[in-house]
Amino acid sequence: MNASLARRGPDGEGFFHDAPAGVHLAHRRLAIIDLTGGAQPMATVDGQLVVTYNGEIYNHGQLRQELTARGHRFVSDHSDTEILLHGWREWGQELPARLNGMWAFALYDKARGELFCSRDRFGKKPFFYAARPGFFAFASELSSLVAHPLLAARSISRTSLRKYFAYGFIPGPNALYAGTHKLEGGANLLLDVRDPVPRLRRWWTFRLEPDHALSAAPQARVAGRVLELLDAAVARRLMADVPLGIFLSGGVDSSAVTALAARRVPDVRAFSIGFDDP
């Protein structure tokens, strides 16, 4: 399963096994933050918490300061992964609401015998899973998930296929193969490893309705606020220990992002992709 994700995580791999509990975690790494100290699966010093994680937590610096003030001691220099371990110990299931970023993670609490999985607000990072009596498996890609031998005899979900032809994509919690699911954006999944029945809980819901005070404001004020928020969002995403690049399509979105990024990183590189095949 892990080998099938090598192209997405070319910088290393790691494994964790708690054989008596039947818990096995794996990770392929694309190193972006704390190149030397961010290897996964990552465990606390006492070995009671272990996490495998995909994404970036943009406010990890602020959370590290807050957790340190509360008595937590970090091993890594500035790994955002370690925030999840100490954050779980401090806040439990309320942790995702404190995170600003994009993520899909699975955290094993050995003392409680629980696996806690979470996906960011909009589902930017993928999380697929399958569950049946006595069995639970998850992966970042469907191709990795169905590499598990218990999922080898798979068939297409006709319901999901119909949704694909209707919408052009398969909306969660559906997934292409029968018996597989997506953890939806803004949702958590908790299970007891002794009886792995997923318990789903939505922790965030998108609201389309605008703030009344802002919607009644003059256009210039609204535009200024949008620019302020976008600039702050771009600044947060410039956090990396490796060179940064931007995909530049030429549209308004990527052009605005590139312009704001260039204010802070003048030598940021932009890449455009073209196709000759009509």
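Visitor: Whenever I open this one, helix 7 (residues 219–236) confuses me. Can you help?
Guide: Along an α-helix, residues three or four apart share an orientation, since each turn contains 3.6 residues. Helix length check: helix 7, at 18 residues, gives a terminal C-alpha distance of 26 Å against a target of 26 Å (1.5 Å per residue), a fit within 8%. Within the span of helix 7, buried status applies to D231, A233 and V234. All buried residues of helix 7 lie within an arc of 165 degrees about the axis, which places them on one face of the element. Of the surrounding secondary structure, the elements contacted by the buried residues of helix 7 are helix 8 (252–264).

Visitor: In this structure, what is going on with the layout of surface pockets? I would like to understand it.
Guide: Roughly 430 Å³ of volume is contained in the second largest pocket. Forming the boundary of the second largest pocket are 15 residues, of which F122, L229, A233, R236 and R237 lie nearest the centre. No other element matches helix 7, which puts seven residues into the lining of the second largest pocket. A breakdown of the residues in the lining of the second largest pocket according to their chemical character gives seven nonpolar, two polar and six charged.

Visitor: For this particular structure, what's the right way to read a nonpolar patch on the surface?
Guide: Together, I156, L161, Y164 and F165 make up an exposed nonpolar region whose accessible area comes to about 410 Å². By the element assignment, F165 lies in helix 5 (residues 158–167).

Visitor: What's the story with the pairing of strand 7 (residues 128–132) in this structure? I'm lost.
Guide: Look at any regular strand and the pattern is simple: side chains alternate between the two faces of the sheet. In this sheet, strand 8 (residues 135–139) lies alongside strand 7 in antiparallel orientation, the contact comprising five bridges. Bridging from a neighbouring strand, A130 pairs with A137 of strand 8. In this structure, the hairpin formed by strand 7 and strand 8 is closed by a connection of two residues, where G134 is found at a positive phi of approximately 80 degrees. In this sheet, strand 9 (residues 180–182) lies alongside strand 7 in antiparallel orientation, the contact comprising three bridges. Within strand 9, the position partnered with A130 by the bridge is T180.

Visitor: Which parts of the structure should I look at to understand the sheet that holds strand 7?
Guide: Within a sheet, adjacent strands bond to each other through the backbone by hydrogen bonds, running parallel or antiparallel. Spatially, the three strands line up as an open sheet ordered 8-7-9, and their pairing is antiparallel. If you trace the sheet from one side to the other, it starts and ends with strand 8 and strand 9, each paired once. Each strand of the sheet is rotated relative to its neighbour by a mean of 25 degrees, with strand direction disregarded.

Visitor: Looking at this structure, I do not really get the packing of helix 1 (residues 60–69) against helix 2 (residues 81–91). What am I missing?
Guide: Each pair of packed helices gets described by two things: the angle between the helix axes and the distance between those axes. One can describe the packing of helix 1 onto helix 2 by two numbers: an axis separation of 10 Å at closest approach and a directional angle of 45 degrees. In terms of orientation, helix 1 lies oblique with respect to helix 2. In this structure, the crossing between helix 1 and helix 2 has a hand that is left-handed. Residues H60, L63, R64, E66 and L67 of helix 1 form the contact with helix 2, whose own contacting residues are E82, I83, H86, G87, E90 and W91. Here the contact of helix 1 with helix 2 is composed, by residue class, of four nonpolar, three polar and four charged.

Thresholds, definitions, all that
- Residues numbered from 1 in each chain as written.
- Predicted model: local features only at pLDDT ≥ 70, side-chain atom pairs only at ≥ 80, totals over all residues.
- Heavy atoms only, no water.
- Helix = DSSP H or I, 4+ residues; strand = E, 2+ residues; numbered from the N terminus.
- Expected span 1.5 Å × (residues − 1).
- Buried < 20%, exposed > 50% of the residue type's maximum accessible area, 1.4 Å probe, protein only.
- Arc of directions from axis to C-beta.
- Contact = heavy atoms within 4.5 Å.
- 1 Å grid on protein atoms, 1.4 Å probe; cavity = no way out; pocket = protein on both sides within 12 Å on 5 of 7 lines; lining within 4 Å.
- Points joined across faces, edges and corners; volume = space filled by probe spheres on them.
- Nonpolar A, V, L, I, M, F, W, Y, C, P; charged D, E, K, R; others polar.
- Patch = residues over 30% accessible without salt bridge, like charges linked within 9 Å, V, L, I, M, F, W, Y side chains within 5 Å.
- Areas by Shrake-Rupley, 256 points an atom, 1.4 Å probe, with all protein chains shown as cover.
- Salt bridge = Lys/Arg side-chain N within 4 Å of Asp/Glu carboxyl O.
- Pairing = 2+ DSSP bridges.
- Axes fitted to C-alpha atoms, helices over the stretch in contact; angles between N-to-C directions.
- Parallel < 35°, antiparallel > 145°, perpendicular 65-115°, else oblique.
- Left-handed = near helix turned anticlockwise from the far one by under 90°.

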